[in-house]
Amino acid sequence: MIRNNKRNCMAAGLLLAMLLTGCGGTGEKTQEAMLKIQGLDYEGALEQLNSAEEAGENMRLINRARGIAYMGLTDYDQAISFLEASLAASNGLVENVDFDLNYYLAAAYSKNGMFVEAESAYNAILTLRSEEVDAYFLRGNVRIALSNYEGAKEDFEKVIAMEPKNYDRLIQIYQVLDYAGYRDIGQEYLRTALLSDDKQMNQYVKGRIYYYLGDYQNAYIALEDAKEQGGAESYLYLGRAYEATGDYNYAANVYNSYLANNAGNAEMYNQLGLCELTRGDYQKALEAFQAGMQLENTTMMQTLSFNEIVAYEYLGEYKRALELIENYLKNYPDDAQAQREHDFLVTR
């Protein structure tokens, strides 16, 4: 199964934002470890943190960094252990780092399937900071995972009330509800936004909302007018709208047009690759995925790597696909779908 990376990534984005801001008072070696984490060198970061401990740097921040590094390694049990130790080392006064740690802990709990604990972490944040809109949104995600639709609805409606014109967030809420099987409810929020007649709602926003409402004709009409308003995202949604109507040739032209006139964009290459797979041009699909993988500092590497393997499968190059997926699983060992793909390739 190919991947288009359209699932909600809000938690990951929030974690990255916190990672980049860091914490005050971090020792030099701990700071160096955080830079390694930022560069995805988690093993190197852990080695650096051992040196930081030997140098007598702040143990609370060292354990925080260890927790983040283990999250990067997808070892969520270890991550939780170190993050809990860091949180427990509080001096009793609530500091910014305590909120930061609860966000990380909630994400680690969620990744580990511990949704009750994740909800408790968000509750802790909101008890002390009742206007933390991110916490309401993320708690809504967790409540959906707990099949607590009413609780999630309460959180999402709180977010919408706090940010009535944050249409990016509104679309994220729709995506979460859609993924959980509540598409009709999510679409009602989108329709309400369209009917609000907000003069600040530009064509780019309208085009995306029409897209998620399944009104693809109005979507591509709006998005054709909004190509420059949303940059790469406008082209991505425009192409997807054409794909949804079955016009894959024009969709591919949209993606290629952007790539011919702008700096490389990993998501654009991925979407072009998916489009070429659907058109049956597996070689062009492979080339698109590989072009995206050549870009520096892409957050799409896992998705692109997986789709590269799928392209090799379509090309009948099973030996190469097996080699790649074995290497892939070393980097992403918790990917159950990739493990199933590996098991399939072994039989070819």
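Residues numbered from 1 in each chain as written. Predicted model: local features only at pLDDT ≥ 70, side-chain atom pairs only at ≥ 80, totals over all residues. Heavy atoms only, no water.

Draft legend 1. Region of interest: the packing of aromatic side chains. This structure, assessed with the given rule, holds 15 aromatic pairs. Ring geometry for phenylalanine 137 versus phenylalanine 156: centroids 6.0 Å apart, planes at 45°, classification tilted. In this pair, phenylalanine 137 sits in helix H8 (residues 133-145) while phenylalanine 156 sits in helix H9 (residues 149-162), placing the two residues 19 residues apart along the sequence. The burial state of phenylalanine 137 is the same as that of phenylalanine 156; both residues are buried. A centroid spacing of 5.6 Å and a plane angle of 80° characterise the contact between tyrosine 211 and tyrosine 237, whose relative ring orientation is edge-to-face. Here tyrosine 211, found in helix H12 (residues 203-212), pairs with tyrosine 237, found in helix H14 (residues 232-244); they are 26 residues apart in sequence, far enough to count as distant. Considered together, tyrosine 211 and tyrosine 237 belong to a single accessibility category, that of buried residues. (Phe/Tyr/Trp six-rings, centres within 6.5 Å; stacked < 30°, edge-to-face > 60°. Helix = DSSP H or I, 4+ residues; strand = E, 2+ residues; numbered from the N terminus. Buried < 20%, exposed > 50% of the residue type's maximum accessible area, 1.4 Å probe, protein only.)

Draft legend 2. Highlighting the environment of alanine 124. With respect to the helices, strands and loops of the structure, alanine 124 is situated in helix H7 (residues 115-128). Put simply, alanine 124 and aspartate 98 are 26 residues apart on the chain and 9.8 Å apart in space, counted from C-alpha to C-alpha.

Draft legend 3. Up close: the confidence of the model for the protein chain. In this model, the protein chain carries an average pLDDT of 91, and 92% of its residues clear a pLDDT of 70 or more. For the stretch residues 6-22, pLDDT sits under 50, and the model shows 32 contacts to residues farther than four places along the chain or on other chains. (pLDDT = per-residue confidence, 0-100. Contact = heavy atoms within 4.5 Å.)

Draft legend 4. Examining H8 more closely. For H8, with 13 residues, the first-to-last C-alpha span of 19 Å sits near the 18 Å given by 1.5 Å per residue. Counting buried residues along H8, 12 of its 13 residues qualify, which places the element largely inside the surrounding structure. Of the positions making up H8, those classed as buried are Val133, Asp134, Ala135, Tyr136, Phe137, Leu138, Arg139, Gly140, Asn141, Val142, Arg143 and Ile144. Serine 147 lies just past H8 and shows a positive phi near 60°. (Expected span 1.5 Å × (residues − 1).)

Draft legend 5. Quick look at the environment of arginine 64. Examined against the element boundaries, arginine 64 turns out to sit in helix H4 (residues 59-72). Judged by its relative accessible area of 3%, arginine 64 is buried. For the pair arginine 64 and leucine 87, spaced 23 residues apart in the sequence, the C-alpha separation amounts to 8.2 Å.

Draft legend 6. Here's a closer look at the packing of H12 against helix H13 (residues 216-225). With their axes 8 Å apart at the nearest point, H12 and H13 run at an angle of 160° to one another. The angle between the axes of H12 and H13 places the two elements in the roughly antiparallel class. Of the two possible hands of crossing, H12 and H13 adopt the one that is left-handed. Across the interface between the two elements, Gln203, Tyr204, Gly207, Arg208, Tyr210 and Tyr211 of H12 pack against Tyr216, Asn218, Ala219, Ala222, Leu223 and Asp225 of H13. Of the residues in the contact of H12 with H13, the class split is 7 nonpolar, 3 polar and 2 charged. (Axes fitted to C-alpha atoms, helices over the stretch in contact; angles between N-to-C directions. Parallel < 35°, antiparallel > 145°, perpendicular 65-115°, else oblique. Left-handed = near helix turned anticlockwise from the far one by under 90°. Nonpolar A, V, L, I, M, F, W, Y, C, P; charged D, E, K, R; others polar.)

Draft legend 7. Examining the pattern of salt bridges more closely. One pass over the full model with this rule turns up 19 salt bridges. Residues aspartate 155 and arginine 139 are paired through a salt bridge, measuring 2.8 Å at the closest nitrogen-oxygen approach. Of this pair, aspartate 155 sits in helix H9 while arginine 139 sits in helix H8, and the two are 16 residues apart along the sequence. Judged by its relative accessible area of 1%, aspartate 155 is buried. The class of arginine 139 is buried, set by a relative accessible area of 10%. A cluster of three or more residues bridged by salt bridges with shared partners is formed by Glu119, Arg139, Arg143 and Asp155. (Salt bridge = Lys/Arg side-chain N within 4 Å of Asp/Glu carboxyl O.)

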